[in-house]
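Residue-level structural notes
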Amino acid sequence: MEDLSLHILDIIENSVAAGATNIEIVIEEDIVGNLLLIKINDDGRGMDKETLTKSIDPFYTTKGTRRVGLGLSMLAQATKEAAGSLDVRSKPGKGTRITARFVYDHIDRKPLGNMAETITTCIAGSSPKADFKYRHRKGDQEFIFSTKEIKKRLNGVAINDPEIILFLREQIEEGLQAIQKGAKSEEIKDWRFGKNT
Ligand SMILES: Nc1ncnc2c1ncn2[C@@H]1O[C@H](COP(=O)(O)OP(=O)(O)O)[C@@H](O)[C@H]1O
Ligand SMILES: [Mg+2]
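Description of the structure in this document. Note that the structure is predicted; figures quoted are calculated from it, not measured.

Examining the overall build of the protein
Counting its regular elements, the protein contains six helices and six strands. Beginning at the N terminus, the succession of helices and strands in the protein can be written as α-β-β-α-α-β-β-α-β-β-α-α. Here the protein holds 197 residues, and 30% of them are scored as buried. Summarising the internal contacts of the protein: among those between residues at least 6 apart in sequence, 66% fall at separations of at least 24.

A few points about the sheet that holds strand β3 (residues 85-91)
Taken together, the six strands give an open sheet; going across it, the order is β3-β4-β2-β1-β5-β6, and neighbouring strands pair in mixed fashion. This sheet does not close on itself; its edge strands, each paired only once, are β3 and β6 (141-146). For this sheet, the mean angle separating the axes of adjacent strands, direction not counted, is 5°. Summarising the sheet, β3 and strand β4 (residues 95-103) pair through seven bridges and their orientation is antiparallel. Opposite R89, over in β4, you have R97 as the bridge partner. In the packing of helix α3 (residues 71-81) onto the sheet, contacts are made with β3 and β4, and the angle to β3 comes to roughly 145°.

About the criteria used
- All residue numbers here refer to positions counted from 1 along the written sequence of the relevant chain.
- Each chain is given a letter, starting from A, and each ligand a number, starting from 1, according to the order in which they appear as written.
- Since the coordinates come from a predicted model, pLDDT governs what is reported: local features require at least 70, and pairs of side-chain atoms require 80 or more to be given and counted, while whole-chain, interface and lining totals use all residues.
- In DSSP terms, a helix is any run of H or I states spanning at least four residues, a strand is any run of E spanning at least two, and both are numbered starting from the N terminus.
- Neighbour density around each residue's C-beta defines its exposure: 20 or more other C-beta atoms within 10 Å make it buried, 12 or fewer make it exposed, and counts between make it partly exposed, where C-beta atoms are placed from the backbone.
- What counts as a contact here is a pair of residues whose C-beta atoms, placed from the backbone, lie within 7 Å.
- Strands were regarded as paired on the criterion that DSSP finds at least two bridges between them.
- For every element, the axis is a line fit to its C-alpha atoms; helices are fit only across the contacting stretch, and the angle between N-to-C directions ranges from 0 to 180 degrees.

Spelled out as structure tokens, the structure:
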């Protein structure tokens, strides 16, 4: 896998498969600390100790469809290549919290890739009841996207409607471009408060 956004897609798919209805994705680009942090938290069924221990083993999967489970082990590998680490915490019945750390400027750190595509693919492919919150910070700039807030303003139109998905993808792309450029905080679209009607 070339981009971290594809790893993230895989990790979110695990959350969806675990029956999560609230999935939070946090990306922190800490340039000063030379650290890239990716966190994915869900309220799915979680894992017991045994599943948790085995979950980062490339030959372990609880899904009958594939012989090997690669999502977590490949992300673990990607963190190692960039002198980082992967932390997986889970409680049965409560949910799972995954934190991947990378040395930001490490030569073998994969690029982030297209997060707008990853997030909208997840929204399009999940139950409209599932909610995604995506927070992306770069330095002191932050973009926040929340499907809970968007749904309130859709007046009954389904969030996975293809036109809405396209629109949301553009919104995320714009928001991410703004924080990459270091836009002033007020200019950044913030779906949490519905500022950008
Ligand atoms: N967020 C999660 N919630 C509950 N179980 C999980 C989660 N992520 C991973 N798992 C468990 O760990 C196993 C391995 O995951 P993964 O490496 O992505 O492989 P795969 O999804 O192909 O099985 C899954 O089959 C599942 O049992
Ligand atoms: Mg998986």
